[in-house]
Amino acid sequence: MTNRIDTLIAQIEAFRPATGSEIEEFRIRILGRNGELNALMEEFRTVAPELKRELGQKLNALKTKATETINNLKATVSAALSQDVGQDDLTRPGTADEPGSRHPISLTRNLILDIFARLGYTVAEGPEIEDDRRVFSALNFPPEHPARDMQDTFFIRRNPDVLLRTHTSSIQVRTMESSGPPIRVVCPGRVFRNEAISYRAHCIFHQIEGLYVDENVSFADLKQSILYFARECFGPQTRIRLRPSYFPFTEPSAEVDVSCNLCAGKGCNVCKGTGWLEIMGCGMVDPNVLENCNIDSKRYSGFAFGMGVERIAMLRYGVRDLRLYFENDIRFLKQFATVI
Ligand code: DAH
């Protein structure tokens, strides 16, 4: 009997299972109801009393060894198994790859720049922190001129000559200063105004300014360029209307309306019953502005226009609240994933 116990112990120590079911088979063979341990226990009852003590200890040691070894082996196998599931279980649902989408303001900006690129305009940019000259005085806003109040300005306290640009017209000045005519540029950028935030106003927004300076540039050129833009942007049926207006840097100046594409000009709540939607300001560059930027106003003339990108985006996508563009709510942004 001692021999059989020793053989079993040796077998347990040498046991190297490859799978969980081999362990289970081994457990049943040794510890199962009809297994080897129970058979030995049965025999133990009949051994001579003087041998009982020594054999009893051996049997107990065998039982402990078998139970511990089998439990340890099972734990190792199940740990390995749960790791395998993480790496190799090809039946598990995958994690979806959600591509980002372009922001509706970027989409609209790109669309506008693209349209003007087809008319031969290149893109010019400039700094957001500007000096008074580029934002106001070179654009024919003399100091103390009431037109400065049209744009509530953020100034830098330490130096009132430095400010956050209120419009991208400052890039107009920079372009004229650095290169002579012919000039044909569109100037996109962020602008800043000290406005209370509401559904129709924000203290940060985006503009695109256009400038065309050459010999013999006329108001008719301006009108035709804007008509082309409006039809490319809002559809071929679009009509435009120019209303006289005032800007210090253009003379004459106008505000441009497009026919409301929601009601085809009949009047709805978006166009407030008028059939028209305002999209931009424009005009012939004031000769004073050309001279301020070292361009001979006797020889050259030009036109300029400026529009708010948020406004164009709102009209194209039917968005009624400007704040949505700045909150970065993924539920809002996701809707533009497939819009080009
Ligand atoms: N800078 C004007 C604004 O911010 C927009 C504008 C109007 C730009 C007329 C122009 C223009 O170039 O000709 O309100």
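Around the ligand, a shell composed of 16 residues is seen, among which His167, Ser169, Arg193, Gln207 and Glu209 lie nearest. Between the ligand and Ser169, the relevant distance is 3.0 Å, taken from a nitrogen atom to a side-chain nitrogen or oxygen of the residue. Residue Gln207 places a side-chain N or O atom 2.9 Å away from an oxygen atom belonging to the ligand. Here the ligand has 350 Å² of accessible area as a free molecule, and 92% of this is covered by the chains. Classifying every residue of the shell around the ligand by side-chain character gives five nonpolar, nine polar and two charged.

This part takes up the packing of helix α5 (residues 104-117) against helix α8 (residues 219-234). Between α5 and α8, the shortest axis-to-axis distance is 10 Å and the interhelical angle comes to 135°. In this view, α5 runs oblique relative to α8, as classed from their interaxial angle. Here α5 runs over α8; the crossing is right-handed. From α5, Leu111, Ile112, Ile115 and Phe116 reach across to α8, where they touch Tyr228, Phe229, Glu232 and Cys233. Residue composition of the contact of α5 with α8, by class: seven nonpolar, no polar and one charged.

In the structure shown here, the tally under the stated rule is 20 salt bridges. In this structure, Glu36 and Arg29 form a salt bridge, with 2.9 Å as the shortest nitrogen-oxygen distance. For the salt bridge of Asp321 with Arg323, the shortest nitrogen-to-oxygen distance reads 2.9 Å. Arg323 gets classed as partly exposed once you look at its relative accessible area, which sits at 30%. Counted as one network, the salt bridges with shared partners bring together Asp131, Arg133, Arg134 and Glu177.

With that out of the way, let us pick up the domain arrangement of the protein. With domains assigned, the protein is organised as domain 1 (2-84) and domain 2 (104-333). Computed from C-alpha atoms alone, the centre-to-centre distance between domain 1 and domain 2 is 88 Å.

This part is about the side chain of Thr175. One can find Thr175 in helix α7 (residues 169-178). In this structure Thr175 touches Ala124, Ile183 and Val185, once residues within four positions along its chain are discounted.

About the thresholds
Residues numbered from 1 in each chain as written. Predicted model: local features only at pLDDT ≥ 70, side-chain atom pairs only at ≥ 80, totals over all residues. Heavy atoms only, no water. Near = heavy atom within 4 Å. Polar contact = N/O pair within 3.5 Å; in protein donor to acceptor, adjacent residues only side chain to side chain. Areas by Shrake-Rupley, 256 points an atom, 1.4 Å probe, with all protein chains shown as cover. Nonpolar A, V, L, I, M, F, W, Y, C, P; charged D, E, K, R; others polar. Axes fitted to C-alpha atoms, helices over the stretch in contact; angles between N-to-C directions. Helix = DSSP H or I, 4+ residues; strand = E, 2+ residues; numbered from the N terminus. Parallel < 35°, antiparallel > 145°, perpendicular 65-115°, else oblique. Left-handed = near helix turned anticlockwise from the far one by under 90°. Contact = heavy atoms within 4.5 Å. Salt bridge = Lys/Arg side-chain N within 4 Å of Asp/Glu carboxyl O. Buried < 20%, exposed > 50% of the residue type's maximum accessible area, 1.4 Å probe, protein only. Domains from an automatic or database assignment.

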